[in-house]
Every structure is written in structure tokens, then in C-alpha cells.
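Each chain, written out:
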Amino acid sequence: MSTNLQLALPGLVVEREVEWVFSEDAAEEIMVESFVHTTVMRDLVAQMLRENAKTESPLFVDATLGGGGHTEALLESSDAVRVIGFDRDPAAREAAATRLARFGDRLRIVAAPFSRLPEELAALGVARVDGLCADLGVSSPQLDDAGRGMSFRREGPIDMRMDPTSGETALELIDRLSDEELADVIFRLGDERRSRRIARSLKRALQENDLHTTLDLRRAIVRAVGPVRVGGVDPATRTFQALRIKVNAELEELETLLAVARDVLAPGAPCAIISFHSLEDRLVKQAFRVREQWNVVTKKPLGPSPEEEEANPRARSAKLRVATLPMAAEVDDGEAAPESEEP
Ligand SMILES: C[S@@+](CC[C@H](N)C(=O)[O-])C[C@H]1O[C@@H](n2cnc3c(N)ncnc32)[C@H](O)[C@@H]1O
């Protein structure tokens with residue numbers, strides 16, 4: 001059964017005790033001349049969606065198109081596959097459009113955050129899709145491009161937005177929040193126990209007109225906590241990551257995605273999500289655990305092979321969880337799941 005025969009293609013409370021994996025410390029120095037992102041669990045994600053989809057001619061959503069690796073694997077798997085790819089980063093969309101041009105109108109690229117999935121699909125005349133994947137977090141080019149301000153290794157503006165055309169920059173965030181609010185962000189989203197000291201130091205640097213670039217930001221952090229690398233981790237890592245997660249509302253976006261996925265997936269359709277740290281993974285695990293809402297396919301999260309980990313250090317912390325929506329008859333709250341509609 002194809003669910004979209006006519007695709008119109010032309011405040012979160014976070015517990016303590018999170019295990020963090022800091023991608024920057026695993027990353028080697030890379031000069032970014034073009035948009036190159038090594039896709040994590042590329043074929044496995046495509047396989048999970050194809051195997052669990054209820055149709056041989058599926059329409060999938062890739063909620064995090066990035067450089068287009070997962071979408072490419074899906075489109076390569078069959079000429080009958082179509083994909084709608086979302087990304088809020090204009091550079092990612094442009095790179096993916098170029099890389100995937102050969103698939104013609106089997107791919108549609110949408111410039112929107114994935115929290116807007118229902119509205120954007122409705123605007124395309126699509127009621128239901130046959131599977132969805134999301135590969136969370138930032139791409140290597142976003143991290144490595146000094147101009148994006150996400151890296152403490154490269155001098156750039158204190159920006160950190162995935163979509164540089166909208167929303168508040170990290171510098172504006174630091175300015176707007178009180179010392180306590182800033183410390184709270186750094187503590188909860190960075191699991192940084194020296195958050196108060198760091199927040200005070202950042203605010204002081206701002207007052208003294210000494211906070212303009214990512215290197216200034218790192219310096220203000222080091223001023224608060226010292227230059228010592230604990231466990232090989234740069235002292236700025238946790239704070240940078242916390243600010244980035246906050247600036248991009250990454251956890252709120254994920255919560256919304258997990259909620260709206262059920263409204264856009266066809267009965268029985270799979271949802272595959274790769275997360276890179278425990279704050280994200282916990283949200284995915286908790287959402288999939290609600291029994292009448294999802295059937296869990298991966299009892300334990302899947303990870304990359306040792307070969308992939310070796311080749312791509314960023315893959316080491318990746319966890320893939322897959323669940324399918326119940327078929328209409330399986331919904332046990334007495335309410336039938338909505339029929340999939342043709343556009
Ligand atoms: C890890 S990369 C995806 C890489 C992609 N799977 C590939 O193989 O190239 C994550 C991408 O998701 C995008 N992204 C992150 N959060 C998003 C959101 N809430 N809405 C839309 N795009 C988002 C980022 O801009 C980034 O390009």
C-alpha cells in the first residue's frame with residue numbers, strides 16, 4: 001500500500017549524570033573547503049526504513065538532510081523511493097541539492113526546522129509518509145566552519161545558529177540571560193559543574209567589552225576554570241556544547257519531532273533516530289517506550305561497527321533507535337488510528 005501515490009513534488013527538565021561524548025575532542029583539524037560530512041550508519045538507517053516500511057514505493061522524510069548521505073542511500077536503494085528532506089541550514093540544503101541532483105524530482109528539499117513537519121508536509125499536499133529518519137546534532141561542516149562560531153578551535157563570531165538567518169546568536173543569548181540563567185544552561189545542557197564560575201566570567205567579559213569571538217569565549221571560560229584538560233577534554237567543550245544546544249533549541253525540537261512524527265507517519269511506518277548524547281537519547285527512548293504509541297524495533301540502540309568507529313570518530317557516540325507506529329487495529333486506546341489519505 002502506497003500512502004502517497006501522488007506526491008506533489010516539484011523548559012525541559014534534564015537529569016544530572018549524563019554521559020557526554022564531545023565530538024570536538026575526537027575531531028581532527030580539518031580544513032573545510034567543501035561541505036563534507038561522513039554519514040553515520042548510512043546503510044543501516046536506509047535498511048531499517050526499507051525493511052520496516054509497509055510499501056515497496058515509499059515516500060520517506062529525512063528530517064536532517066545535512067550533506068544528504070542517508071537520503072542518498074534511500075534513493076539509491078530503489079527507483080521507487082522518494083524522499084522529502086528537511087534542513088534548517090541553507091548551506092546544507094545547497095550542498096545536498098547539488099550532490100543529489102541526479103535523483104531529479106524523487107527528492108524534495110524543504111527549508112524548515114523539523115518541528116514544522118506537519119505544516120510543511122501539508123503545504124506539499126502530503127498527508128502521510130511511509131517512514132522518517134533523523135540524524136541529530138550538527139554536521140561536520142557546521143562544526144568546522146569558523147564563521148558558524150560553533151568551534152572553540154577556530155576564531156569566528158559567537159553565533160552557533162544552524163540557521164544563520166533567524167533566531168538569537170550565542171552572544172545575544174549570553175547577553176540576555178542573567179548570571180543564574182546562564183549558569184543553569186551550562187549546568188543542565190553541558191553537565192558542567194563549574195557553571196556558576198563560568199557564567200560569571202562570561203558576563204564579566206561581556207561587560208568589559210572583551211567578548212567578541214569564539215576565542216574570546218574560550219579565554220573567558222579558561223579564566224574561570226583554568227586551562228587543564230580533564231580526561232583529554234578541553235575546558236571549553238561543555239560550555240560551547242551547552243550554548244549551541246540552547247541557541248538551536250535542540251532538545252525542544254526533538255521533543256516536538258517525536259510528538260508530531262505520529263501525526264505524519266502512516267500506520268505501521270518506521271521512525272529511525274540517531275542521537276549523539278544522552279540528553280537526546282533519553283528523549284527518544286522515553287517517547288518510544290509509550291507502548292500504545294510505538295512498537296520498538298531496536299530493543300537496545302544500535303551503534304556503528306568497529307570499522308565505522310575507526311574510520312569516523314564522530315560515529316562513536318551514535319545510537320540508533322527505531323520504532324514503528326502501530327497499525328490501526330493495534331491501537332488499544334479504543335480509538336482507531338487515522339487512515340492514511342491521498343494528497
Ligand atoms: C548530523 S547532520 C545530518 C547529516 C546527514 N544525515 C548526512 O548524511 O549528511 C544534522 C543536520 O540536521 C540539521 N538539523 C539539526 N536540527 C534540525 C532541525 N531541528 N530542523 C531541521 N534541520 C536540523 C543540521 O542543520 C544538520 O545539517
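The shown structure was predicted, so the numbers you read here are calculated from the model rather than taken from an experiment.

1. Side note on the overall build of the protein chain
Right, so step 1: Across its full length, the protein chain carries 14 helices and 7 strands.
Right, so step 2: Split into buried and exposed, the 343 residues of the protein chain put 48% on the buried side.

2. Remarks on the pairing of strand β2 (residues 82-87)
Right, so step 1: Counting buried residues in β2 gives 6 out of 6 residues, a clear majority hidden from the surface.
Right, so step 2: What you see with β2 is no split at all: R82, I84 and F86 on one side and V83, G85 and D87 on the other are buried throughout.
Right, so step 3: Sheet topology note: the strand β1 (residues 59-62)/β2 ladder contains 4 bridges and is parallel. For F60, the partnering residue across the bridge sits in β2 and is V83.
Right, so step 4: Read as a crossover between parallel neighbours, the route from β1 over helix α3 (residues 69-77) to β2 is right-handed.
Right, so step 5: With 5 bridges connecting them, β2 and strand β3 (residues 107-111) associate as parallel partners. The residue bridging I84 from the neighbouring strand is R108, located in β3.
Right, so step 6: Once you follow β2 into helix α4 (residues 90-99) and on to β3, the crossover reads as right-handed.

3. Quick notes on the packing of helix α9 (residues 195-207) against helix α10 (residues 214-225)
Right, so step 1: Interhelical geometry of α9 versus α10 gives an angle of 130° and a closest axis separation of 8 Å. As summarised for this structure, α9 and α10 are arranged oblique, according to the angle between their axes. For the element pair α9 and α10, the recorded crossing hand is right-handed. Between α9, through R197, I198, S201, L202 and A205, and α10, the contact on the second element is made entirely by D216, A220, I221, R223, A224 and V225.
Right, so step 2: Looking at the contact of α9 with α10, its residues break down into 7 nonpolar, 1 polar and 3 charged.

4. Here we look at the nonpolar core
For soluble globular proteins, the rule of thumb is that nonpolar side chains tend to be buried together.
Right, so step 1: With 91 residues, the main nonpolar core has V45, V129 and L132 as its most contacted residues.
Right, so step 2: Structurally, this core is a two-domain feature, drawing no fewer than three residues from each of domain 1 (23-141 + 250-330) and domain 2 (163-247).
Right, so step 3: Not counting residues up to four positions away in its chain, the partners in contact with L132 are F60, V61, A63, A261, L265 and C271.

5. Some thoughts on the site of the ligand
Right, so step 1: As a matter of local geometry, the ligand sits amid 21 residues, with T39, T64, G66, G67 and G69 nearest to it.
Right, so step 2: When the residues that make up the shell around the ligand are grouped by side-chain class, the tally is 6 nonpolar, 10 polar and 5 charged.

6. Here we look at the pairing of β1
Right, so step 1: Residues L59 and V61 point to one face of β1 and F60 and D62 to the other, with burial holding for every one of them.
Right, so step 2: Here 3 bridges tie β1 to strand β4 (residues 131-135), and the two strands are oriented parallel to one another. Of the residues in β4, the one forming a bridge with D62 is C133.

7. Comments concerning the environment of G226
Right, so step 1: Within the element layout of this structure, G226 appears in the loop between α10 and α11 (237-247).
Right, so step 2: Considered as a pair, G226 and A236 are 10 residues apart in the sequence and their alpha carbons are 9.9 Å apart.

8. Section: unusual backbone geometry
Right, so step 1: At D191, a residue that is not glycine, the phi angle is positive and equals roughly 50°.
Right, so step 2: Within the fold, D191 resides in the loop between α8 (179-190) and α9.
Right, so step 3: Look at D191 and you get buried, because 20 C-beta atoms sit within 10 Å.
Right, so step 4: Its identity is not glycine, yet A249 carries a phi of approximately 45°, on the positive side.
Right, so step 5: In this fold, A249 is placed in the loop between α11 and α12 (250-264).
Right, so step 6: With 17 C-beta atoms packed within 10 Å, A249 lands in the partly exposed category.

9. Details of the confidence of the model for the protein chain
Right, so step 1: Looking at the protein chain as a whole, its pLDDT mean stands at 87, while 85% of the residues score no less than 70.
Right, so step 2: Low confidence marks residues 1-33, where pLDDT is under 50. Its contacts with residues over four positions away, or in another chain, come to 68 contacts.
Right, so step 3: Across residues 333-343, where pLDDT falls below 50, the model places 22 contacts with residues more than four positions away in sequence or in other chains.

10. Side note on the environment of P118
Right, so step 1: Note on placement: P118 falls in helix α5 (residues 117-123).
Right, so step 2: Each C-alpha atom, one on P118 and one on R128, is 9.2 Å from the other, the two residues being 10 residues apart in sequence.
Right, so step 3: Sequence-distant contacts of P118, defined by excluding residues within four places in its chain, comprise V260, D263 and V264.

Basis of the calculations
- Residues numbered from 1 in each chain as written.
- Predicted model: local features only at pLDDT ≥ 70, side-chain atom pairs only at ≥ 80, totals over all residues.
- Helix = DSSP H or I, 4+ residues; strand = E, 2+ residues; numbered from the N terminus.
- Buried ≥ 20, exposed ≤ 12 C-beta atoms within 10 Å, placed from the backbone.
- Pairing = 2+ DSSP bridges.
- Right-handed = clockwise from strand over helix to strand, strands pointing away.
- Axes fitted to C-alpha atoms, helices over the stretch in contact; angles between N-to-C directions.
- Parallel < 35°, antiparallel > 145°, perpendicular 65-115°, else oblique.
- Left-handed = near helix turned anticlockwise from the far one by under 90°.
- Contact = placed C-beta atoms within 7 Å.
- Nonpolar A, V, L, I, M, F, W, Y, C, P; charged D, E, K, R; others polar.
- Core = buried A, V, L, I, M, F, W, Y, C linked by C-beta atoms within 7 Å.
- Domains from an automatic or database assignment.
- Near = placed C-beta within 6 Å.
- pLDDT = per-residue confidence, 0-100.

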